[in-house]
Amino acid sequence: MATLQFSDARECVLREVQARRVLPSTEQVRLDSCAGRVLAANVLADRDYPPLSRSVRDGFAVSATGFSGKARVIGEVRAGDRYHGAVGPGEAVEIMTGAPVPDGADAIIMVEHVVRDGDSIGTDRPVVSGDFINPQGCESARGSVVLSVGTRLDYASIAMLATVGQTEVSVYRKPRVAILSTGDEIVEINETPLEHQIRNSNSASLSVQVARAGGIPEVLPVARDEYGSTRDLIARGLQADLLLLSGGVSAGKYDIVEKVLEEFQAEFFFDRVLIQPGQPLVFGHAQGKFFFGLPGNPASTMITFELFARAAVELLSGSLESPLPLLHARLTREFRHKPGIMRFLPAHLSADGEDLTPTGWQGSGDVGAMARANAFLVAEDNRESWETGEWMRVLSK
Ligand code: AMP
Ligand code: MG
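All chains use their own residue numbering, which begins from 1 and follows the written sequence. Starting at A for chains and at 1 for ligands, labels are handed out in the order in which the entities are written. Per-residue local features of the predicted model are confined to residues with pLDDT of at least 70, and side-chain atom pairs are confined, for both listing and counting, to 80 or more; whole-chain, interface and lining totals are unaffected and use all residues. Based on all heavy atoms of the structure, the side-chain values leave hydrogens and waters out of the count.

**Details of the overall build of the protein**
Okay, step 1: Counting its regular elements, the protein contains 7 helices and 29 strands.
Okay, step 2: Its C-alpha atoms give the protein a radius of gyration of 29 Å, more than 25% over the compact-globule value 21 Å for 397 residues.
Okay, step 3: For the protein, the spread of C-alpha atoms along the three principal axes comes to 90 × 50 × 40 Å.
Okay, step 4: Only protein chains enter the accessibility calculation, which uses a 1.4 Å probe; a residue is then buried when its area is under 20% of its type maximum, exposed when over 50%, and partly exposed in between. Within the protein, buried positions represent 48% of all 397 residues.
Okay, step 5: In the protein, once contacts between residues fewer than 6 apart in sequence are set aside, the share between residues at least 24 apart is 70%.
Okay, step 6: When the accessible area of the protein is evaluated, it comes to approximately 19000 Å², of which 49% is carbon and sulfur surface.
Okay, step 7: When charges are counted, Lys and Arg are positive and Asp and Glu negative, with His and the chain ends excluded. By convention, the point assigned to a charge is CZ for Arg, NZ for Lys, CD for Glu and CG for Asp. In the protein, which carries 39 positive and 51 negative side-chain charges, the distance between the mean positions of the two groups comes to 2 Å. Note on conventions: DSSP H or I runs of at least 4 residues are helices, E runs of at least 2 residues are strands, and numbering of each starts at the N terminus. When we talk radius of gyration, it's over C-alpha atoms, and the globule rule is simply 2.2 Å times the number of residues to the 0.38. It only takes one pair of heavy atoms within 4.5 Å for two residues to be counted as in contact. The method behind every accessible area is Shrake-Rupley, applied with a 1.4 Å probe, and residues are considered shielded solely by the protein chains displayed.

Here it is as structure tokens:
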């Protein structure tokens, strides 16, 4: 089966999900509860924005044509008001930021650039038509699309909805994402594990990751490492819009997830990606649904979700895009790794976002190191070392 490089595997996920996704049905939600939802219809401007030409500075509105450097102040206009009358040659109207530009005026002289003497102002700066004016409709014309279908609603797009007076909005229903942890050693989190057992942390982390990506997590009971249990639970998981499995995809004798999926006539796009954590990683399609077989080690599960499954959840939510949240920061110490695979390792990013410190870990079972990290450094597969002070890529947590 297929082993892919990181970027090829990501492209494969984006391509396949975009090509074959079935968009959810839609519902109307109120503006105050639509954060994070995905628009199911374009939003149009109800009028021109700005509706009138508007000053973007405090200052004086004048006609730039033939402006001599001096003008007589004939009135004022502030935001929330209009100037009734026109500005003629040699005249100025005092204007505040956000106020409509009076008829006859086509430039604003900033208040900081004038000397005022009673009723007259003077400036030694050149005045050019259009200075400090946002013309009517320059942000968006009435009837034009201000938010496109597929936009994930964040604080700025919600401000846009508020601006155009949309109190209700049509969004896609959230996709249901089944979460199926596997393993004979896994017990529920309210149980006291025996020494050879561990609590199911992967269903907990995946639930939060799914919800953050815009899906509804549906946690299934843990599948035991035998065919019957795994088959029944996969069948249930494929009822959801997406199935996330954790564990059982390595090369061990009891890693049976892929074999069981074959019984569902699954199509596999890849089953290994050259990344750490998370080399064994299965992505496929069965019975009209996508599934991921994420490796069971907690760090691997978390990272492979962020790198691959998150994009699938976002696209299945109706989003147009799903960019990776990558930054750059400077290393506070040198970093070396063995090239050939791409690594995503726990790190600390300073408050100003400049400095990146690898925080170390005991391997991909180290939940504590994952919990303490506030970012992940990204070590490319084609490079062996980075010196102190060099820029390195960072994946946001
Ligand atoms: P596997 O991918 O099934 O070989 O699992 C690798 C290791 O990940 C196991 O030995 C467990 O220590 C750990 N693991 C697997 N599933 C979970 C889970 N649901 N929660 C926490 N740790 C897990
Ligand atoms: Mg296992």
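Text resumes after the structure shown.
**Quick look at the sheet that holds strand β22 (residues 289–294)**
Note: strands within a sheet are paired through backbone hydrogen bonds, in either parallel or antiparallel orientation.
Okay, step 1: Here, strands pair whenever DSSP counts at least two bridges between them. Judged by pairing direction, the sheet is mixed, and its 7 strands sit side by side in the order β1-β19-β21-β22-β18-β14-β17 without closing on themselves. The strands lining the two open edges of the sheet, one partner per strand, are β1 (3–4) and β17 (216–219).
Okay, step 2: Where strand β14 (residues 176–181) meets strand β18 (residues 242–246), 5 bridges bridge the pair, whose relative direction is parallel. Bridging across to β18, L180 finds its partner in L245.
Okay, step 3: For helices, the fitted axis covers only the stretch in contact; all axes are lines through C-alpha atoms, and the angles between them, taken along N-to-C directions, range from 0 to 180 degrees. With respect to the sheet, helix α1 (residues 6–20) is in contact with β1, β19 (267–273), β21 (280–286) and β22, its orientation differing from that of β19 by roughly 155°.
Okay, step 4: Across the face of the sheet, helix α6 (residues 298–316) comes into contact with β14, β18, β19, β21 and β22 while running at roughly 175° to β18.

**Points about helix α4 (residues 227–237)**
Okay, step 1: Where α4 is concerned, the buried positions are S229, T230, L233, I234 and G237. Buried residues along α4 cover an arc of 125° about the axis, so they all sit on one side.
Okay, step 2: Looking at the buried positions of α4, the neighbouring elements they touch are β14, β18 and α5 (257–262). This arc is built from the directions going out from the helix axis to the C-beta atoms.

**A closer look at the pairing of strand β27 (residues 375–379)**
Okay, step 1: In terms of residue burial, β27 counts as a mostly covered element, since 5 of its 5 residues are buried.
Okay, step 2: Of the two faces of β27, both are covered, the one formed by A375, L377 and A379 as well as the one formed by F376 and V378.
Okay, step 3: Note: strand β25 (residues 342–349) against β27, 5 bridges, orientation antiparallel. In the strand pairing of β27, A347 is matched with A375.
Okay, step 4: Relative to strand β29 (residues 391–396), β27 runs antiparallel, the two being bridged by 4 bridges. In the sheet register, F376 faces β29, and the bridge partner there is L395.

**Side note on the side chain of N200**
Okay, step 1: Note on placement: N200 falls in the loop between β16 (198–199) and α3 (201–212).
Okay, step 2: Residues adjacent in sequence count toward polar contacts only when both atoms are side-chain atoms; beyond that, a polar contact is any pair of N or O atoms within 3.5 Å, and within protein one must be able to donate a hydrogen and the other to accept it. At 2.9 Å, the side chain of N200 and the side chain of S203 are in polar contact.

**What to know about the site of ligand 1**
Okay, step 1: We call a residue near a molecule or strand whenever a single non-hydrogen atom of that residue lies within 4 Å of it. Neighbouring ligand 1 are 17 residues, the closest being N200, N202, G248, G296 and N297.
Okay, step 2: The separation between a nitrogen atom of ligand 1 and a polar main-chain atom of N202 is 3.2 Å.
Okay, step 3: Note that an oxygen atom of ligand 1 is positioned 2.8 Å from one of the backbone N or O atoms of G248.
Okay, step 4: For ligand 1, whose free accessible area comes to 480 Å², the fraction covered by protein is 79%.
Okay, step 5: Within the residue set of the shell around ligand 1, elements represented by two or more residues are β16 and α3.
Okay, step 6: A class-by-class count of the residues in the shell around ligand 1 yields 3 nonpolar, 11 polar and 3 charged. Each residue receives one of three labels: charged for Asp, Glu, Lys and Arg, nonpolar for Ala, Val, Leu, Ile, Met, Phe, Trp, Tyr, Cys and Pro, and polar for the others, Gly being one of them.

**Things to note about a negative patch on the surface**
Okay, step 1: For patch detection, residues must exceed 30% relative accessible area and be free of salt bridges, and they are connected within 9 Å for like charges or within 5 Å for nonpolar side chains (Val, Leu, Ile, Met, Phe, Trp, Tyr). Any Lys or Arg side-chain nitrogen found within 4 Å of a carboxyl oxygen on Asp or Glu counts as a salt bridge. A cluster of like negative charges, contributed by D184, E185, E226 and D232, occupies part of the molecular surface.
Okay, step 2: Here D232 lies in helix α4.

**Let's talk about the packing of α3 against α6**
Between two packed helices, both the angle of their axes relative to each other and the distance between the axes serve to describe the pair.
Okay, step 1: Between α3 and α6, the least distance of the axes is 10 Å, while the angle of their chain directions is 25°. Classified by the angle their axes make, α3 and α6 are roughly parallel. The chirality of how α3 crosses α6 is right-handed. Residues S201, N202, S205, L206, Q209, V210 and R212 of α3 form the contact with α6, whose own contacting residues are P298, T301, M302, F305, E306, R310 and V313.
Okay, step 2: Looking at the contact of α3 with α6 residue by residue, the classes come out as 6 nonpolar, 5 polar and 3 charged. Angular relationships are summarised with four words: roughly parallel below 35 degrees, roughly antiparallel beyond 145, roughly perpendicular across 65 to 115, and oblique for the angles in between. Here a crossing is called left-handed whenever its near helix is offset anticlockwise from the far helix by less than a right angle, and right-handed whenever the offset is clockwise.

**A short note on the sheet that holds strand β9 (residues 115–117)**
Okay, step 1: In spatial order, the strands read β8-β5-β7-β6-β10-β9; together these 6 strands make up an open sheet with mixed pairing. Whereas interior strands pair on both sides, the edge strands pair on one side only; in this sheet they are β8 (107–110) and β9. Within the sheet, the average angular offset between the axes of one strand and its neighbour, ignoring direction, is 40°.
Okay, step 2: Looking at chain direction, strand β5 (residues 59–62) and β8 are connected through 4 bridges and run antiparallel. Within β8, the residue paired with A61 across the bridge is I108.

**Side note on the nonpolar core**
Among soluble globular proteins, nonpolar side chains are generally buried collectively.
Okay, step 1: Among buried residues, those of type Ala, Val, Leu, Ile, Met, Phe, Trp, Tyr and Cys that are joined through side-chain atoms within 4.5 Å constitute a nonpolar core. Membership of the largest hydrophobic core comes to 39 residues, with the highest contact counts inside it found for F292 and F308.
Okay, step 2: The element that contributes the greatest number of residues to this core is α6, accounting for 11 residues.
Okay, step 3: With sequence-adjacent residues up to four places away left out, F292 is seen in contact with V13, L242, L243, L244, L245, V282, F283, F308, A309 and A312.
Okay, step 4: The next biggest cluster of nonpolar side chains, apart from the first, holds 21 residues, and it includes L180, L233, L238 and V282.

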